[in-house]
Amino acid sequence: MTEFDEYWRAVDDELAALPARPVADHVPARSTDRFTAYDVRLTSIGPYRIFGYLSVPAGDGPFPAVLETPRYGSVNLAPHYRDRLRYITFTVMHRGQRLADVPFQAAYPGLATLGIEDPATYVYRAIVADCLRGAEFLLGHDLVDPARVGVTGDDLALITASRRPGFRAARSNGPLEALTEVTGSPRAIEFLDVARHPCSARTFRVGTDYELTHEDSADDEVLDTWLARELGVSPIRKFDLMPS
Amino acid sequence: MRDPENAVITVPLPEDFDSFWAETLKSVPELDTSLTYVERLSTDEVAVYDVRYTSYENVRVAAWYATPRTGGPFPGLVNIPGYISEPLPPVQWARRGYAALAVAPRGKLRSNSHFNPGYPGLLTHNIVDHHTYGYRGFYVDVVRALDVLAERTEVDSSRVGLQGSSQGGGLGIVTAALRPDAVSCFAAGAPYLCGIWDSAKLTHSYPYEEINEYVRVHPGHSELIRQSVAYYDGMNFAPKVKAPAFVYIGLEDDVCPPETGFAVYKALNGPKEMHTYPRSAHQAGLHWVMPKVADFLDKHLVHGGSR
């Protein structure tokens, strides 16, 4: 086994050895007659308690589902209303981000290089683990249609789909934004190279399959339509979605 | 079909709007600024400092301050952050010749030890009561950034501008209105916090969706919220603005509806220019507009000299 494979196998082993023990608390404010929202707390490697936003459409299911991997920044928004109408959604807050920041609070700038001196201590090893834990949670949800599960985010989404078969579609808006803070080529980031994380899901990646026009409403429509078609639902433009 | 340019956005003007803000600003303690040089964020050309100052209700507020290493006096620039973003050291603006202060108002990571409503949370923190609404101190934190720059001998206080998008755009309007004599010009992208109550009726996107969620749980609070946010609405600040304004919006912005961008632009009282971007959402033409923003600021703050 290569060092690369060993590295990620060890993460899988650590996750497998720790029960996730998810707790889902109903959130009335984010629930409507169309979907029900929960705040979820679950255990990832460390052990560390991470957070996720879960939303489940009304009805009997099974439903198509989407995992959102976290952005680079202290805050991830709750999944958009349009997505909660169509999918079971789960949005992971990795360790250090808001709602998963006890006891560890990530600094911005700074998180991108935390522990980067050694691949074994690099914070992104744990961040990927947190995404994988989120994937396991969503893929294991009773109401998820296993043939229609997608993952979206930056390249963390592709890495997640590579390491957790079960996703039909993986959509990336491009390289990890954290890498813009990294100077030189420390060994630790080699383990995040998407080229070394092939996945069996169908993929759509900005910069590879699509060049942004920078008209972000138009770009969003293209990205939304791709995932909606893959998962068998209708596209929805955010701008068209107004409270009735 | 929406017609953003001609939409009517109405915000009630509280009778005591002016006295509310005058008293709020009068109540702040001494700045008690501290400035710590940060080697790891500085470059050969730019010195970066970690700044802390005291604001409304004695909350200590953080900012990054960046200046060119040589020359001066420099024009000053306040960078105002978006809703979920953390301010970065404004090194690029310093490279351009500005003494730039990127403020982290209360609740941001470096300013949240005494006030931390979280995200989501800030927009609706005590939203039924304008006296204790979370944005009260937050607004003051941004206004006081001007006082921090005014203390700096390397800053030409007759040439100070504001720059930001979204929350940074909305608060640019607020700050220019509350300190008409201290602001030479400002650039405001996709302004948030303008037509606040109407915005929540026009979108399901965050942050305004926080209001829809709040009302879902407290349906009887709508009128209280409408009255309360009027004290904080850019529409009520815009007529008091005198400084030249550069405004830009996306015509399909789901986050800050373009209806409100047009409305607040019309309400601005100083010299102004508007740039609109079709097929664009909350980035509001970012890819094309930032060079124009920089040229606008340079024209008024670098080439234009003092007011």
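Since the structure is predicted, the reported quantities are computational estimates derived from the model, not experimental observations.

## Topic: the sheet that holds strand E6 (residues 144-153) of chain A
Residues and elements named next belong to chain A.
Consideration 1: Spatial ordering of the open sheet is given by E1-E2-E3-E5-E4-E6-E7-E8, a layout of eight strands whose pairing is mixed. Lying at the two open borders of the sheet, with one neighbouring strand each, are strand E1 (23-26) and strand E8 (202-205). Neighbour-to-neighbour, the strand axes of the sheet open up by a mean angle of 20 degrees, direction not taken into account.
Consideration 2: Where E6 lies against strand E7 (residues 169-172), four bridges are found, and the strand directions are parallel.

## Considerations on the environment of B:Cys194
Residues and elements named next belong to chain B.
Consideration 1: Residue placement: Cys-194 occurs in the loop between strand E7 (185-189) and helix H5 (196-202).
Consideration 2: Residue class for Cys-194 comes out buried when judged on its relative accessible area of 0%.
Consideration 3: Residues Cys-194 and Ala-102, 92 residues apart in the sequence, show an inter-C-alpha distance of 22 Å.
Consideration 4: What Cys-194 contacts, discounting residues up to four positions off in sequence, is Ile-173, Ser-199, Tyr-208, Asp-233, Gly-234, Met-235, Thr-260 and Val-264.

## Details of the environment of B:Val11
Residue and element names in this part refer to chain B.
Consideration 1: Position of Val-11 among the secondary structure elements: in the segment before helix H1 (17-26).
Consideration 2: Counting along the chain gives 186 residues from Val-11 to Trp-197, while the straight-line C-alpha distance between them is 8.1 Å.
Consideration 3: Apart from residues no more than four positions distant in its own chain, Val-11 is found in contact with Gly-195, Ala-230, Asp-233, Met-235 and Asn-236.

## Thoughts on the sheet that holds E7(B)
Residues and elements named next belong to chain B.
Consideration 1: Sheet architecture is open: nine strands sit in the order E1-E2-E3-E5-E4-E6-E7-E8-E9, paired in mixed fashion. Of all the strands in the sheet, the pair left with one neighbour each is strand E1 (34-37) and strand E9 (272-277). Taken over all neighbouring pairs, the strand axes of this sheet differ in orientation by 20 degrees on average, direction set aside.
Consideration 2: Where strand E4 (residues 74-80) lies against strand E5 (residues 99-104), four bridges are found, and the strand directions are parallel. Its bridge partner lying in E5, Asn-79 is registered against Ala-102.

Rules and cut-offs
Residues numbered from 1 in each chain as written. Chains lettered and ligands numbered in written order. Predicted model: local features only at pLDDT ≥ 70, side-chain atom pairs only at ≥ 80, totals over all residues. Heavy atoms only, no water. Pairing = 2+ DSSP bridges. Helix = DSSP H or I, 4+ residues; strand = E, 2+ residues; numbered from the N terminus. Axes fitted to C-alpha atoms, helices over the stretch in contact; angles between N-to-C directions. Buried < 20%, exposed > 50% of the residue type's maximum accessible area, 1.4 Å probe, protein only. Contact = heavy atoms within 4.5 Å.

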